[in-house]
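# Geometric and topological summary
One letter stands for each residue in the lines below.
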Amino acid sequence: MVQDRRSLLKSGAGLALVPALAGLPSRGRAQGATTLKIGVLNDQSGVYREVSGPTSTACVRQAIQDSGIAAKGITVEVVQADHQNKADVGATIARQWIDRDGVDVIVDVPNSAVALAINGIVREKNKVYLNSTGGTTELTGRQCSPNTVHWTYDTYMLAKSTGGAMVKTGADSWFFITADYAFGHDLERNTSAFVQAAGGKVLGAVRHPLQSTDFSSYLLQAQQSRAKVVGLANAGTDTINCVKQAAEFGVTRRGTKIAVMLMFINDVHSLGLNAAQGLVCTESFYWDLNDRTRAFTDRVKGSLGGNYPAMSHAGCYASVLHYLKAVADMGGAAAKSDGAATVARMKAMPTDDDCFGQGKIREDGRKLHPVYLFEVKKPEESKGPWDYYKMLQTTSADEAWRPVSEGGCPLVRA
Amino acid sequence: MAGQATAFTATAQQSPGLPGLAALGFNRAQSIAFLLLLGLLLVGPFVLYPVFLMKLLCFALFACAFNLLIGYVGLLSFGHAMFFGMGGYVTAHAAKVWGLTPELAILAGGAVGAVLGVVAGWIAIRRQGIYFAMITLALAQMIFFVCLQAPFTGGEDGIQSVPRGALLGVFSLAQDMSLYWVVAAVFLAGFLLINRIIHSPFGQVLTAIRENEPRAISLGYRVDDYKLMAFTLSATLAGIAGGTKALVFGIATLTDVYWAMSGEVVLMTLVGGLGTVFGPVLGAAVIVSMQNYLAEFGAWVTVIQGCIFVACVLAFRAGIAGQLGRWLRVRL
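Each value, and the rule that gives it
Residues numbered from 1 in each chain as written. Chains lettered and ligands numbered in written order. Predicted model: local features only at pLDDT ≥ 70, side-chain atom pairs only at ≥ 80, totals over all residues. UniProt positions renumbered as here; feature names shortened; annotations may be inferred. Pairing = 2+ DSSP bridges. Helix = DSSP H or I, 4+ residues; strand = E, 2+ residues; numbered from the N terminus. Core = buried A, V, L, I, M, F, W, Y, C linked by C-beta atoms within 7 Å. Buried ≥ 20, exposed ≤ 12 C-beta atoms within 10 Å, placed from the backbone. Domains from an automatic or database assignment. Contact = placed C-beta atoms within 7 Å. Nonpolar A, V, L, I, M, F, W, Y, C, P; charged D, E, K, R; others polar. Expected span 1.5 Å × (residues − 1). Right-handed = clockwise from strand over helix to strand, strands pointing away. Axes fitted to C-alpha atoms, helices over the stretch in contact; angles between N-to-C directions. Parallel < 35°, antiparallel > 145°, perpendicular 65-115°, else oblique. Left-handed = near helix turned anticlockwise from the far one by under 90°.

The name recorded for chain B in an unreviewed UniProt entry is Branched-chain amino acid ABC transporter permease, from Teichococcus oryzae. Recorded under Subcellular location (unreviewed entry), the UniProt text for chain B is reproduced unchanged: "Cell membrane".

Under an unreviewed UniProt entry, the name given to chain A is ABC transporter substrate-binding protein, and the organism recorded is Teichococcus oryzae.

## So, the sheet that holds strand 13 (residues 367-368) of chain A
Residue and element names in this part refer to chain A. Spatial ordering of the open sheet is given by 11-12-13, a layout of three strands whose pairing is antiparallel. The sheet is open, and its two edges are formed by strand 11 (351-353) and strand 13, each paired on a single side. Pairing geometry for strand 12 (residues 357-361) and strand 13, over two bridges, is antiparallel. By the bridge assignment for strand 13, K360 is matched with L368.

## Considerations on the UniProt feature "transmembrane region" (unreviewed entry) in chain B
All names here are of chain B. If you check UniProt for "transmembrane region" (unreviewed entry), the listed places come out as residues 32-52, 59-84, 104-123, 130-152, 178-198, 228-253, 265-288 and 300-320 in our numbering. The span residues 265-288 is 75% helix and 0% strand, and its two end C-alpha atoms sit 11 Å from each other. Its end C-alpha atoms 24 Å apart, residues 300-320 is made of 86% helix and 0% strand.

## Details of the nonpolar core
Among the nonpolar cores identified, the biggest contains 228 residues, and I118, V260 and V320 of chain A together with A60, L61 and F62 of chain B are the most heavily contacted of them. The greatest single-element share of this core, amounting to 19 residues, is contributed by helix 3 (residues 50-72) of chain B. Split by domain, the residues of this core number at least three in each of domain 1 (35-153 + 290-363) and domain 2 (158-283 + 371-394) of chain A. Those residues in contact with V260 of chain A, other than ones at most four positions away along the chain, are L232, T239, V243, L279, V280 and C281 of chain A.

## Focus on the domain arrangement of chain A
Residues and elements named next belong to chain A. As assigned here, chain A comprises domain 1 (35-153 + 290-363) and domain 2 (158-283 + 371-394). In this structure, domain 1 and domain 2 have C-alpha centres spaced 29 Å apart. Counting from both sides, the interface comprises ten residues of domain 1 and, opposite them, ten residues of domain 2. For the side of domain 1 that touches domain 2, the class distribution of residues is six nonpolar, three polar and one charged.

## Some words on the environment of G239 of chain B
Among the structural elements, G239 of chain B can be located in helix 10 (residues 223-249). Along the primary structure G239 of chain B and L148 of chain B are separated by 91 residues, whereas in three dimensions their C-alpha atoms are 18 Å apart.

## Quick look at helix 4 (residues 81-96) of chain B
The terminal C-alpha atoms of helix 4 of chain B, which comprises 16 residues, lie 22 Å apart, in line with the 22 Å expected from a rise of 1.5 Å per residue. For helix 4 of chain B, the buried fraction is high: 15 of the 16 residues fall into the buried class.

## What to know about the UniProt feature "domain: Leucine-binding protein" (unreviewed entry) in chain A
Following the UniProt record, one finds the feature "domain: Leucine-binding protein" (unreviewed entry) at residues 35-377 of chain A. End-to-end, the C-alpha atoms of residues 35-377 of chain A are 45 Å apart, and along that stretch the chain is 45% helix and 21% strand.

## Structural notes on the pairing of strand 1 (residues 35-42) of chain A
Residue and element names in this part refer to chain A. Judged by how many residues are buried, strand 1 sits mostly within the fold: seven of eight residues are covered. Examined bridge by bridge, strand 1 and strand 2 (residues 75-82) share eight bridges and lie parallel to one another. Residue pairing in the sheet places K37 in a bridge with E77 of strand 2. Tracing the backbone out of strand 1, into helix 2 (residues 53-67) and back to the parallel element strand 2 gives a crossover that is right-handed. Of the strand pairs in this sheet, strand 1 and strand 3 (residues 105-108) are connected by four bridges, and their pairing is parallel. Counted as the bridge partner of L41 is D108 from strand 3.

## Some points on the sheet that holds strand 9 (residues 257-260) of chain A
Each strand in a sheet pairs with another by means of backbone hydrogen bonds, the pair being arranged parallel or else antiparallel. Residues and elements named next belong to chain A. Spatially, 7-6-8-9-10-14-15 is the arrangement adopted by the seven strands of the open sheet, whose pairing is mixed. Only two strands of the sheet have a single partner each, and these edge strands are strand 7 (201-208) and strand 15 (389-395). Averaged over all pairs of adjacent strands, the angle between their axes in this sheet comes to 25 degrees, without regard to strand direction. Sheet topology note: the strand 6 (residues 173-179)/strand 8 (residues 229-233) ladder contains five bridges and is parallel. Looking at strand 8, one finds that F175 is bridged to V230. Its contacts with the sheet place helix 8 (residues 236-249) against strand 6, strand 8, strand 9 and strand 10 (279-283), and it is angled at close to 170 degrees to strand 9.

## Remarks on unusual backbone geometry
Within the chain, W386 of chain A stands out as a residue other than glycine whose phi angle is a positive 65 degrees. As for its placement among the helices and strands, W386 of chain A is situated in the loop between strand 14 (371-376) and strand 15. Using a count of 19 C-beta atoms within 10 Å as the deciding quantity, one classes W386 of chain A as partly exposed. Here the phi dihedral of R329 of chain B falls at roughly 55 degrees; this positive angle occurs in a residue that is not glycine. Among the structural elements, R329 of chain B can be located in the segment after helix 14 (319-328). For R329 of chain B, a count of 16 C-beta atoms within 10 Å puts it in the partly exposed group.

## A few points about the pairing of strand 8 of chain A
Residues and elements named next belong to chain A. For strand 8, the tally of buried residues reaches five of five residues, placing the bulk of the element in the interior. Here strand 8 shows a buried face lined by V229, G231 and A233 and a second buried face lined by V230 and L232. The parallel pair strand 8 and strand 9 is bridged by helix 8, and the resulting crossover is right-handed.

## What about the packing of helix 3 (residues 87-99) of chain A against helix 4 (residues 112-125) of chain A?
Residues and elements named next belong to chain A. At a minimum axis distance of 9 Å, the contact between helix 3 and helix 4 shows a crossing angle of 25 degrees. By the angle between their axes, helix 3 is roughly parallel relative to helix 4. Along this stretch, helix 3 crosses helix 4, giving a crossing that reads as right-handed. In contact with A87, G90, A91, A94, R95 and I98 of helix 3, helix 4 contributes A113, V114, A117, I118, I121 and K125.

This is the structure in structure tokens:
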């Protein structure tokens, strides 16, 4: 008897788990043909929180409001999730969103491994993927997809602007501090090619292991090379550590410039102008660029909790705005049923928004807009909060991006 | 009543299982729990999202493999991510580049786990305790850097769009449900194999080594051989789990070879219950569910996870299954 009751209790507890677990994912499925659902999938708790995170979601909401899509009888819902920088977590969420929750669009997605995983899933399910914070050129190269738009930036454009445009400002001799893995090697190789093509010289390079904490010997080697520019072909905490130590060594005060391959304005904010002054970096959007970008920033600023939009956030805004224009053009039901057709319509329409101005989307999914080379201001030059950048060079939309013929995208040949 | 309960406790250790299941080495409580598990496996995909369940089963098998080593030999490996991750990479590579069928690809993942296990085990079992853990961690970090640099792994992009293929070249696994049954079968096979190992004479020697190694040596057992065999078995099953996961998601990335993955499997086993047959499965369910269902809370994920860990450690020191077993006075 006792045994039976105990086993009953136990099986009862086990069964009780089932509805509890089943209850969790039910998040009001989208009903009706005119409700669209946008899923913002990014890093909300890790290293990319500031450059994607809740600010991206706020920018997506702003885009929905600015598009005036509600007046056309189409409601748009937003859901968000944290992929914790794990491709499997991101993939599970994306599949669940599409299969169970009726999500039509996935936006943002930093971290190239996760971005490529989402790219595959969205293509398989014929939905829409608007990438903003992922930087890999594979998205418009060999793994390009008719369901994906790669909006904001990629590693090719960063190397071209930082390498090529910088030489034009007179900084023509380079030394690289490179993270010793494929990503770092690629950045170094690409940037070197642009430096040399623009008439500059590469004096040397030093490789450091991933996630180093001590960069002093590398920085000394860089200084001894007497190069005018030290290029940092690394990312994340490696870049931040390297920049901080360079500031302690006074590298920039002696006239050497530090070129950072991948940096967002939010990184400058957390470093502080004292450490970051004199850095050179590339972004395709700056909030204080012109009247339209300032107007956008004023509209969205209140909902960002003190953060300012970087190019990644602006990309979320602009891509969703353009998507909703295409939806309004072709009708909610048609857009919902066929992701590839919606993206094709997006490519057919010219883009125009406050963040990136006028532009277009190429057949391989690449969004084209001008790219800017910025230098971080000295503390005494900065006139207000987030007044961090002065512009050095502009690379036009025609020149900034990898030519479609070099990407090897199978869609283009077809 | 009290007398009855005591009598029950006394017989709980040796109580014969349900007919048929006794052959698998289950006692009565374990037999019931196993039938419950079977039931959940059958009903699960109709209630919960199949991809999520498949992920859970892969991690459950991984945790069970890990538990074989820590729960029954008492060796804390802090490098199991190398078997799990490499299994994933090799399976993904085999399925995508060599075009092998899924079952062969998964076996290839298991084979790599076995080879790595023999090498890592041969080096690591010479030391005990924290030194053993550190050696396995060091070896796992070496494998991580190999995966970061080797051309076939695709660096930080990983191996993407791995085809699920067709089982035995005939049955397509493109549908989530058909793949689910394959994953469930792989999990069950691994789970039962581990259970069989634990209850075999070989497993009894392992337990003897865990309890008192010098005495096992004095009884004439070649302790190192036993440890190496257990390590290799655990690594093989971890490789199979990793390979299955790579097929489920169609990706193999650095996440699975990173040291944090080694930590995660320790957590799953601890939360579920060290040295219990069902504990690792429960632990994997708890951790994977948290990762999945807390994702929408954004930055709160880590905070909530932390609170749950603290609660688990304070309230269930023997893990969920261990504590449950104590309350019910059975061995789970």
